[in-house]
Amino acid sequence: MEPHDVGGSGGAARNHANLRQQQEEFRRRLMRPDRVSRGSEVHAGDPIRTQGPDAAELLTPANVGGTRPDPNSEWAGAFQTPQVTRGGSEDTERIDDPFGQENDATALDDEGLENDEAQGEGDDEGHDGVPQFDPSAMGLKEISNLASFTVSSSKPGCGVKELRDDDVNQFWQSDGPQPHRLNIHFIKRVEIRVLRLYLDYELDESYTPTKLQINAGFSPNQTIPYTTMELNIPKGWIDVPIAGAGGGLDGNSLCCWFVRVTVLENHQNGKDTHIRGIKVYALDDTTDTAENNPVEEMEELIDNMHDRLTEMKIHDHDEEGMARLIARKQKRLANAKKYPPGQGGFTVPDFMREPEIR
């Protein structure tokens, strides 16, 4: 026998002896009394011995061969991590597979996190999925400060001040016979673009208006009916239809000095009424938008001046030169892009603008 063969057989014998020693150590540990079976007291996180094969049966060469047990075998059901679920008056424990099965608590946490993220994304929109009203993005300005508000009657603590407040939990409540009137007196002629009223049927019920009439004109004694609105179950900001009123450059503004909102009927034939807010908006001519950029307007004026100077240098009978000038002008207008101030040009500072009474 070669020397290296003797050494190899001796190493195999030592490995076999170590394996038997480990098996004996495992057997002594597993055959100890079950520490968990202490009456009916069970704590979350303690190891639990479930019904399965005896520990001595598990210490067979097939089970202690050094390979990982099959998750579907009896070994997987012998020692498992408990997960406590409380139900009724007693604590019951549900066992999960430790080999690869997903923890239900982690899954619930992940699901809750996804719901929170979805809710956070939904906060960017208003109720019922309606986008929030952004006056500045639409080139509008509020002109309620140019008007004085009066009402036909009001309860103490529920008058014009509460109506004009931005808190919709405050409201104007009438205190008199129908119809109830809300008058808006402007100090100058205005071009109303948007008129909004805040109504809430869920909070006001029989105090909620169901039929409104909008009058406009020069003064309280010189008005004409503009529109009549019939509402079902209003909740939130209600826009008065002003598009196509005929005022302004595009015919979509209501030009007047005086506006009257008349409440003709309430839900369930209610006597008094509640209006929780009112906003009046007009076009802001000083807003620097893509369609109203004073810097681009100045550039257009300079380009037109250069075109006129070039036209003056062209001879009257030079038809080709005039055609080239017209083609160049049309190409410039076709390729012109509208940029909001700050992205494609400079913004005119406030001190350089025309003063305005606000």
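A brief look at the structure comes next. (Residues numbered from 1 in each chain as written. Predicted model: local features only at pLDDT ≥ 70, side-chain atom pairs only at ≥ 80, totals over all residues. Heavy atoms only, no water.)

Now for the environment of phenylalanine 218. Within the secondary structure layout, phenylalanine 218 lies in strand S8 (residues 209-219). For phenylalanine 218, the residues in contact, after removing those within four places along its chain, are Trp257 and Phe258. (Helix = DSSP H or I, 4+ residues; strand = E, 2+ residues; numbered from the N terminus. Contact = heavy atoms within 4.5 Å.)

Look at the link from glutamine 178 to proline 179: it is a cis peptide, with omega at 0°. Secondary-structure assignment places proline 179 in the loop between strand S6 (172-173) and strand S7 (180-200). For glutamate 205, which is not glycine, the phi dihedral falls at a positive 50°. Along the chain, the position of glutamate 205 falls in the loop between helix H6 (201-204) and S8. Residue classification places glutamate 205 among the partly exposed residues on the basis of a relative accessible area of 46%. (Buried < 20%, exposed > 50% of the residue type's maximum accessible area, 1.4 Å probe, protein only.)

A few words now on the packing of aromatic side chains. This structure, assessed with the given rule, holds 3 aromatic pairs. The aromatic ring of phenylalanine 133 is capped on one face by arginine 196, whose charged end is 4.2 Å from the ring centroid. (Phe/Tyr/Trp six-rings, centres within 6.5 Å; stacked < 30°, edge-to-face > 60°. Lys NZ or Arg CZ within 6 Å of the ring centre and 35° of its normal.)

With 31 residues, the main nonpolar core has Ile143, Ile184, Phe186, Ile192, Leu195, Val259 and Ile278 as its most contacted residues. Tallying contributions element by element places S7 first for this core, with 8 residues. Leaving out residues up to four positions away in the same chain, isoleucine 192 has contacts with Ile143, Phe186, Ile242, Asn252, Ser253, Leu254, Cys256, Val259, Val280 and Tyr281. (Core = buried A, V, L, I, M, F, W, Y, C linked by side-chain atoms within 4.5 Å.)

This is a description of form; function is not addressed.
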